[in-house]
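Structural characterization, general
One letter stands for each residue in the lines below.
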Amino acid sequence: MTTFTRPGKIALLGYSIETMEAAQALGYDFVVVVPPGFEEGLQKEGINAISWEFDKLSQDSTHLREQLQALGCRLAVPLYEECVEWAGALNAVFLDEPRLFNRTLLLRDKGMMKRKAQLSGIRVGVFEEVDAPADLLRFFRRVNEAQSRIEGDELDLVHVKPLRAAGSVGHRVIRTEEDVAEIPVDAFPLLAETHLGGQEFSCEAFIHGGKIQFMNVNEYVHLGYSQVTPATPDLEAQRPKIRKAVEQLVKAFDIRYGVIHPEFFLDAEGELAFGEVANRVPGGHIFELIQRAYGFDTYQALLLSADPLTPQAELDAFFPDEVSGRQGYAGNCLVFPKPGVVTGLNVPDELTLHPCFEKHSLFEPMAHKVIKRTGFGNHYGTLFFFGEDPQEVRDAVAHFEDVEFFQRAAQLT
Ligand SMILES: Nc1ncnc2c1ncn2[C@@H]1O[C@H](COP(=O)(O)OP(=O)(O)O)[C@@H](O)[C@H]1O
Ligand SMILES: [Mg+2]
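A quick note: this is a predicted structure, and the numbers were derived from the prediction, not measured. (Residues numbered from 1 in each chain as written. Chains lettered and ligands numbered in written order. Predicted model: local features only at pLDDT ≥ 70, side-chain atom pairs only at ≥ 80, totals over all residues.)

1. Quick notes on the sheet that holds strand β7 (residues 172-174)
Read across the open sheet, the four strands follow the order β5-β8-β6-β7; overall the sheet is antiparallel. The two strands at the open ends of the sheet, each matched to only one other strand, are β5 (127-130) and β7. Going across the sheet, the axis of each strand differs from the next one's by a mean of 25°, ignoring polarity. In the sheet, strand β6 (residues 158-162) pairs with β7 via three bridges, with the strands oriented antiparallel. (Pairing = 2+ DSSP bridges. Helix = DSSP H or I, 4+ residues; strand = E, 2+ residues; numbered from the N terminus. Axes fitted to C-alpha atoms, helices over the stretch in contact; angles between N-to-C directions.)

Right under this line is the structure:
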């Protein structure tokens, strides 16, 4: 706990209790900007809060900036995907960097992001923004022609996804021409990209002054369901290469401050390809995993790296060494019930007695029917594991992903 107050005030864009606590612990004077309806409760608790509709494009950011400037804010820190461009617009003025807003927009459009990465010499798939089914069909055919596929061959996959989305919402794999016809016309425009093979993983890099202060490698065991941080030895061995790729990204996107969460693919030849990058708190409780594995408060880390006024000495003292500072491996598993009617919770001893098990956030559900989800949707709870043996943690998260945690009504559907 620090006892000094940092200069000026910062604005936290988005509702995050962990970040508010981190700001308090670091001695920040702060304002939170939250969606309408959330500010009153916070004000009652003595927290300086204003509301803003981040997902409404018609509002002008000048109004938000004026309010924050009147309150004495000098910096905006984005916490969620939809706050990123607002932070860019605000910080362009607060930090007197006119291009900052445009740079943040690159991070909010998957096509622009890929193009910028490619222009900077980063390896990406072959991609195109497609406005209509006919464009996608042409792209799919051209990719397969380029691969000299003939009738009877298995075709190359193409991935499509909305230009602005997160959490795999709207992501589809095109395997045949018929798959194209199944996409609703109003889902377009989409980004189409050739398949990137290999092992997918993410990084969480805390950047300050354009320099990586700390980088975690997070291994997806099963994307969207289970992961281990830091990565197990095979992937961890690639850390120097991964670090170079992240440095390349930082340079390409001219990222000076804050946390970035890129995703990469490592192919069988050991080459990296870039998936995408976000400039906010990562999903899937990755911050909790890093905190458990390395023992520092990731939300404090986010604020310290987002703030240009943080002295380098403070960052040096704050972050542990990426390798020797590791206290163990933290893994988690997001629980999604299988479709059907759920009537209760059933946590088996096999979980609670597992040597790596730490805690879970499953709760007793009201009886209900599980609806089909889009993207990763909302999980029903998370299981957390920790251990010194990376393989044991990895095996645990992979195993419990398939365990049934809910009681079910007999075929009431
Ligand atoms: N070109 C691709 N090659 C292989 N897998 C892909 C490709 N595009 C998307 N995916 C898969 O779909 C997931 C979601 O796509 P991504 O671009 O990360 O969007 P989101 O913002 O929804 O996370 C990726 O994590 C990856 O597993
Ligand atoms: Mg992604």
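2. Some points on the site of ligand 1
In the vicinity of ligand 1, 17 residues are found, and the nearest of them are His-159, Ala-166, Ser-168, Glu-193 and Leu-196. Taken together, the elements giving at least two residues each to the shell around ligand 1 come down to β6 and β13 (272-278). When grouped by side-chain class, the residues that make up the shell around ligand 1 number five nonpolar, seven polar and five charged. Two domains share the shell around ligand 1, each providing at least three of its residues, namely domain 2 (110-120 + 197-327) and domain 3 (127-194). (Near = placed C-beta within 6 Å. Nonpolar A, V, L, I, M, F, W, Y, C, P; charged D, E, K, R; others polar. Domains from an automatic or database assignment.)

3. Quick word on the sheet that holds strand β2 (residues 30-34)
Two orientations exist for strands paired in a sheet by backbone hydrogen bonds: parallel and antiparallel. As summarised here, the arrangement of the four strands in space is β3-β2-β1-β4, forming an open sheet in which the pairing is parallel. Strand pairing shows two members of the sheet lacking a second neighbour, β3 (49-51) and β4 (73-78), which therefore form its edges. Neighbour to neighbour, the strand axes of the sheet diverge by 25° on average, direction disregarded. Pairing of strand β1 (residues 9-13) with β4 involves five bridges; the strand directions are parallel. When the sheet's bridge partners are listed, Ala-11 is paired in β4 with Ala-76. Docked against the sheet, helix α4 (residues 84-94) engages β1 and β4, running at close to 155° with respect to β4. (Contact = placed C-beta atoms within 7 Å.)

4. Some remarks on the domain arrangement of the chain
Partitioning the chain into structural domains gives domain 1 (9-106), domain 2 (110-120 + 197-327), domain 3 (127-194) and domain 4 (331-408). Just the C-alpha atoms count here: the centres of domain 1 and domain 3 sit 37 Å apart.

5. Digging into the nonpolar core
If you look at the biggest cluster of nonpolar residues, it comprises 94 residues, and the most contacted ones within it are Ala-11, Leu-12, Leu-13, Ala-76, Val-77 and Leu-303. Looking at this core element by element, the count peaks at seven residues for α4. The contact partners of Ala-11, leaving out residues within four places of it in the chain, are Phe-30, Val-31, Val-33, Leu-68, Cys-73, Leu-75, Ala-76 and Val-77. If you look at the next biggest cluster of nonpolar residues, it comprises 12 residues, including Val-160, Ile-174, Val-180 and Leu-190. (Core = buried A, V, L, I, M, F, W, Y, C linked by C-beta atoms within 7 Å. Buried ≥ 20, exposed ≤ 12 C-beta atoms within 10 Å, placed from the backbone.)

6. Quick notes on the packing of helix α3 (residues 61-70) against α4
Relative orientation and spacing of two packed helices are given, respectively, by the angle between their axes and the distance between those axes. In the contact formed by α3 and α4, the axes pass within 10 Å of each other and the chain directions differ by 60°. What the angle tells us is that α3 and α4 run oblique. Helix-helix and strand crossings are classified by hand; for α3 and α4 the assignment is right-handed. Note on element contacts: α4 touches α3 through Trp-86, Ala-89, Leu-90 and Val-93, opposite Ser-61, Leu-64, Arg-65 and Leu-68. Across the contact of α3 with α4, the residue classes break down as six nonpolar, one polar and one charged. (Parallel < 35°, antiparallel > 145°, perpendicular 65-115°, else oblique. Left-handed = near helix turned anticlockwise from the far one by under 90°.)

7. Description of helix α6 (residues 110-119)
By the burial criterion, the buried members of α6 are Lys-110, Met-113, Lys-114, Lys-116 and Ala-117. Down the axis of α6, the sector holding all buried residues measures 165°, keeping them to one side. Following α6 by one or two positions, Gly-121 adopts a phi angle in the positive range, close to 85°. (Arc of directions from axis to C-beta.)

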